[in-house]
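Take a look at the letters that make up each chain.
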Amino acid sequence: MSAAEFLRQRREDLIGPASHQTAAILDNLLARGLVCREEAEAVLAVNISSDAARHLLTLVGLKGEKAARIFLMALHRQKLIELPEDLDPEKLESGWDEVDSNLSSGALTILQRNRPRIVENLDELEELADHLVAEDVITMEDRERITLAGLSRQQKVRNLLDTIYAKGEAAGEVFLKFANITDVVAQGHWQNPVEKFKEKLCKHHEAATRCIRTYSNQEALELDSIFVEPCLQTITSDREEGGPVTLPELLPPSEVAKGRNVVIVSGDAGSGKSTLLLKLIRDWALKTSYGTFDMLFFFRCSDLSLLDCKVSLHELLFDRCCCPDIRRDLVIQRILKRPQSVLLCFDALDEFRQLLGENTPVCASHDCQVSVATLLVNLLQGTLLRETTKVVTTRIPVDLQPLFSSTVARTVVVAGFTPEGVLTYQKHFPQNDDDGRRAALDLLTSSPQIRGLCQLPIYSWIIAKSHSCIWAAELDNSSSCKSTLTTTEVLLSLVQVFLQHNMTTTKARCRVALFDEAKPAIWRLGKLALAGLVNGDSSFREKDLNNCEIEESDLALGFVSKSRSSVGCDIDEIFSFLHTTLQTFLAALFLTTFHSALTLLEHFPNYQRPSFPFKFFLCGRVNAHLQKRSQLGESKKSNLKVLSHFLSGLMSKHHEKLITTMAGSCHSLSKNRKTLVRHLQHSMRLLFRNLAASTGRRPSDMASSTDHLTDDFLWLTSCAYEFGEESVAKQLAIDIPVHYMKLHHMSLPPGTCTHLAYVLLHLPGRVELCLDNNFIGDLGIDQLLPCIDKFTELRLSSNHITDVGARMLVSGILKYDIVTYLGLFKNKLTDAVAEDIAHLVSRSNTLEILKLGGNNFTASGGTIIAKALKHNTQLKMVGLWGNRVGDEGAIAFAEVLKENNTLDRLSLVSNGVGHLGVRHLASMLHKNTGLHFLWLCENNLQDEDAQVLADALENNTGLWNLWLNNNNITLIGANALISALKKNTTLTQLVRPSSQCNCVNSHTTATPTCWPPNQL
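This report concerns the structure included in the present document. Every chain's residues receive numbers from 1 upward, in the order its sequence appears when written. This being a predicted model, a pLDDT of at least 70 is required before a residue's local features are given, and a value of 80 or more before pairs of side-chain atoms are given or counted; all residues contribute to the totals for chains, interfaces and linings. Heavy atoms throughout the structure, all of them, feed into the side-chain values; hydrogens and water do not.

### With respect to the nonpolar core
Then step 1. Buried Ala, Val, Leu, Ile, Met, Phe, Trp, Tyr and Cys residues that are joined via side-chain atoms within 4.5 Å together make up what is termed a nonpolar core. We call a residue buried when its accessible area falls under 20% of the maximum for its residue type, exposed when it is over 50%, and partly exposed in between, using a 1.4 Å probe and counting protein chains only. Ranked by internal contacts, the top residues of the largest apolar core, which has 271 residues, are Phe297, Phe559 and Phe713.
Then step 2. Any two residues whose heavy atoms approach within 4.5 Å at even a single point are treated as in contact. Once residues within four sequence positions are removed from consideration, phenylalanine 297 is found in contact with Phe197, Leu201, His205, Leu317, Phe318, Cys321, Cys322, Ile335, Val342, Leu343, Leu344 and Cys345.

### A closer look at the pairing of strand β15 (residues 791-795)
Then step 1. Within β15, five of the five residues are buried, which leaves the element mostly enclosed by the surrounding structure.
Then step 2. Pairing analysis gives four bridges linking strand β14 (residues 767-770) to β15, with the strands arranged parallel. Note that in β15 the partner of leucine 769 across the bridge is leucine 794.
Then step 3. What joins β14 to β15 is helix α41 (residues 777-784), and the crossover it makes is right-handed.
Then step 4. Pairing between strands is defined by DSSP: at least two bridges between them are needed. Secondary structure elements follow DSSP: runs of H or I of four or more residues count as helices, runs of E of two or more count as strands, with numbering from the N terminus. As paired elements, β15 and strand β16 (residues 821-823) share three bridges and run parallel to each other. What sits directly across from glutamate 793, in β16, is tyrosine 821.
Then step 5. For the segment spanning β15, helix α42 (residues 803-816) and β16, crossover handedness is right-handed. A right-handed crossover is one whose linking path, passing over the helix from the first strand to the second, runs clockwise when the strands point away from the viewer.

### Describing the packing of aromatic side chains
Then step 1. The rule is short: rings of Phe, Tyr and Trp, with Trp giving its six-membered ring, pair when the centres are within 6.5 Å, and they are stacked under 30 degrees, edge-to-face over 60, tilted in between. Applying the stated criterion across every chain yields a total of 14 aromatic pairs.
Then step 2. Look at phenylalanine 933 and tryptophan 960: their rings are 6.0 Å apart centre to centre, the planes differ by 80°, and that puts the pair in the edge-to-face class. With a gap of 27 residues between them, phenylalanine 933 in strand β20 (residues 933-935) and tryptophan 960 in the loop between α47 (943-955) and β21 (961-963) connect regions that are remote in the sequence.
Then step 3. Of the residues examined, tryptophan 960 reaches a relative accessible area of 37% and is grouped as partly exposed.

### Regarding the pattern of salt bridges
Then step 1. For salt bridges, the criterion is a side-chain nitrogen of Lys or Arg within 4 Å of an Asp or Glu carboxyl oxygen. Applying the stated criterion to the full structure yields 36 salt bridges.
Then step 2. Notably, a salt bridge pairs aspartate 712 with lysine 641, separated by 3.2 Å at the nearest N-O pair. Taken as a pair, aspartate 712 in helix α38 (residues 711-723) and lysine 641 in helix α35 (residues 634-650) lie far apart in primary sequence, 71 residues in all. For the pair aspartate 712 and lysine 641, one class covers both residues: buried.
Then step 3. One connected set of salt bridges, linked through shared partners, spans Glu206, Arg210, Asp224, Lys279, Arg282 and Asp283.

### Quick notes on the side chain of asparagine 774
Then step 1. Tracing the backbone through its elements, the reader meets asparagine 774 in the loop between β14 and α41.
Then step 2. Overall, the relative accessible area of 0% leaves asparagine 774 in the buried class.
Then step 3. Separated by 3.1 Å, the side chain of asparagine 774 and the backbone nitrogen of methionine 746 make a polar contact.
Then step 4. Polar contacts here mean pairs of N or O atoms no more than 3.5 Å apart (in protein, one a potential hydrogen donor and the other a potential acceptor; neighbouring residues in sequence count only if both atoms are side-chain atoms). Among the polar contacts listed, one links the side chain of asparagine 774 to the backbone oxygen of leucine 771, at a separation of 2.9 Å.
Then step 5. Residues contacting asparagine 774, with those up to four places away along its chain left out, are Glu241, Leu743, His744, His745, Met746, Ser747, Leu748, Ser798, Asn799 and His800.

### Brief notes about the side chain of arginine 282
Then step 1. Structurally, the position occupied by arginine 282 is in helix α18 (residues 273-285).
Then step 2. Judged by relative accessible area, arginine 282 falls into the buried class, the value being 5%.
Then step 3. When neighbours within four sequence positions are excluded, arginine 282 is seen to be in contact with Glu206, Thr209, Arg210, Leu223 and Asp224.

### Overview of the pairing of strand β3 (residues 232-235)
Then step 1. Covered by surrounding structure in β3 are Leu232 and Thr234 together with Gln233 and Ile235, the residues of both alternating faces.
Then step 2. In the sheet, β3 pairs with strand β4 (residues 241-245) via four bridges, with the strands oriented antiparallel. From the neighbouring strand, isoleucine 235 faces β4, where its bridge partner is glutamate 241.

### Some remarks on the environment of glutamine 947
Then step 1. By the element assignment, glutamine 947 lies in helix α47.
Then step 2. For glutamine 947, a relative accessible area of 37% gives the class partly exposed.
Then step 3. With 33 residues separating them along the chain, glutamine 947 and alanine 980 place their C-alpha atoms 9.0 Å apart.

### Description of the state of the cysteines
Then step 1. Disulfide assignment relies on a single distance test, namely cysteine sulfur atoms paired within 2.5 Å. For the structure on display, the rule yields zero disulfides.
Then step 2. Looking at cysteine 202, it has no disulfide partner, and the nearest cysteine sulfur is the one in cysteine 322, 9.7 Å off.

### Comments concerning the environment of lysine 465
Then step 1. Within the element layout of this structure, lysine 465 appears in helix α26 (residues 457-480).
Then step 2. Under the relative-accessibility criterion, lysine 465 is labelled buried at 14%.
Then step 3. A C-alpha to C-alpha distance of 9.2 Å links lysine 465 and serine 493, two positions 28 residues apart in sequence.

### Quick notes on unusual backbone geometry
Then step 1. Notably, glutamate 549 is not glycine yet its phi reads approximately 60°, a positive angle.
Then step 2. If you trace the backbone, glutamate 549 turns up in the loop between α30 (542-547) and α31 (552-556).
Then step 3. In this model, histidine 800 sits at a positive phi of 60°, which is unusual for a non-glycine residue.
Then step 4. If you trace the backbone, histidine 800 turns up in the loop between β15 and α42.

Any functional reading would require information beyond the geometric quantities listed.
Here is the structure:
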């Protein structure tokens, strides 16, 4: 039976199914040229669907067998009819697929041939219609008719196609240009160009972040397998800790950001900022985090700094990151229309060498071509894409503060790995076998210096790759002379691994022979590294490599690799060192083995402040150095500080054989070493002379100074540690005139304590040390123990110290018993260390102030510490604010203070103290006359508790200061306290919330009211 015969026999049965698919059947007949548009319009003009189906059946019957097959196949595909057995389905299917998809025809012909697929797959019709209106292809009246409410999507698409056909060939060409009909024909579906670009952007970032570079161009580490999240700490505007965050929480919520949209991620070189940013990008690309952003663009600022040409916003986004395949104009329009859905990531802004200043020209247009520096400043200040979120990584946020004064939403410090993170990294390092992992872990456990160093991820990676060389160096050290592991030794071991990896022979070579053989390559690479440091570059063009005569064999060593392919501005390829730390070390190795003492010392600090904070020469050339050094930013100073750090290490006696072999017999290392020693001593004296001048003091008056020391002081201690001669450290210590060393809010890692202790160990006298608000942790405490006998005060608050570190500290303090002040608030202490602290309290004869607030002590720990006061007659203050000692802890203190009259101040602020605890404290006040300050703010006190305290005050003659603000005391309790003051003549201050509030615990005011009794 033929298809036409089947239609004639089953006509009445086919009317019902056909009435539901009339328009779709006509689409297929039109696409195959079996009916003309006028015939189709005549069918659709019939209002009653059954009558339209009859009209269609008549029309199909007149068109012959092929049209009948298309008709039946359309209904069969929708499962509206069953075909008889004598009709061949394969033959029907072949007729269905016979569509001419040639795209070389006219636009209207193409649209008609592909009409069924367009109707089936075209979406986002409103946006398409808006574009056609903007292009004057259709009118607004046409748009309203096409998108009429109540019509299905398919009906709207048919209306649009019919309208385009009526407008003519030019309208069809505009439609084809926008809709990219090739996708419809080749892939069977149409996708909005913006959505297509979003998919491409995800795939681009997913592929780009799958692996990170390692020490060899032939090897890479998978980011997902190697990534260990570092410690992230938010920092407030006044440099106080704002609390820890995780990577998914890096961006603050909109209610916290309050319209600000720049997130600064800062940290030392090698702390893991760039890897963290890559992980953020990968999580977005894999849709595991940051799903609120439709698009993400990533830029390496060191690469951008090489662009000397002018660019526009869309050129920056597309040519420097990822480019849409079609319709760039539509993508940029979407970005401008919805900037809040775009995330911009800028890595290493401190490596952008072009000037970023406040006087940058304003650029508010997306198509205006300006310098890259101008574009960056306008993006970060919000002139361009104001609502777009930007994440910026940088080592030195100081330089950037003027740019971000009104746009920074959050500053996050990357403090490196936690101790547990260091071990996790080594255990899962994919390029080590089980023996290699065990060797790396053994090396970590053998030295607290290495553990502290490895909290910077860059050194964890180096240890994982170079542990065998470091072990060998440590064995040489132990057999030759007393030494400590330095970062210079670690970097030398890494370079040794590079060289061994590229050896052409399997014969083992000693380090000296290996370096001497590779000397030409090291010098060429070192020359390139030094030129980059002086100019502030960490990325290089091919001409930079040619200027330094870099050969293909030099690149094969793996120190330098291609960063990425570049688009536009005549830059074909960009090269970079694997890390700025490695670049700096190679520059130091080049200087040490190739230049004189004068050239070396031009890379050290001379502390001529404020006019000339730093000076440097390159290869002995002094031309225009005054102008250069006056323009040095903090990032370039930071690079040169690390450079001088490595120079000191390479000039140490331990590396004498290596340096003299590479430099040759004419090189006078001993002369350079003597010059370095004199310079370090002069720099230390100059540092404190300048500090005295800046504070209006004479140098002889610095002993009483409490001013904050600069990071230049820590710089000098690191140089002394790397140099490794105790006589130099002793001389530097003698030149330190201050008795109070303030080094807080500097985000110092544990390794800094190693350098600091190396010098402070030789202090002729004792000092007070303040290291509040840093990241020294337990490892830092361990490194400070050798010089613990030099400290009369230790301020170590907000340093991530745990019970382990506290135990070590207590043991060290009791060994010498000279500490009078111990500040450990806002750390991670628990009840487990309470016995050790109690032991300190009961045994110490010098400790006067003990601050333990903001930790995790409960009633158990508080009780243990309180009972220790029975055996102490020196302690004047105990601070336990922000713990959870509760009533039980308060009772313990109250019982002890009935007999102990030497404790002067007690803080139980925010400790959950309630009715029972206050009753015992009040009972204590009846007997105790030595306690002068009692702070009970932010507890659970009620009016009846205020009454109990009032009764005690009537009989107390010792208390001077009582704070009760932010409790549940109303005016009833307040009046009871006021009445008690009529009989109390010793209390000088009573603090409660503002008397304008109906109750004392109201949070509508944060200003306490002080009641001097003599004014009541």
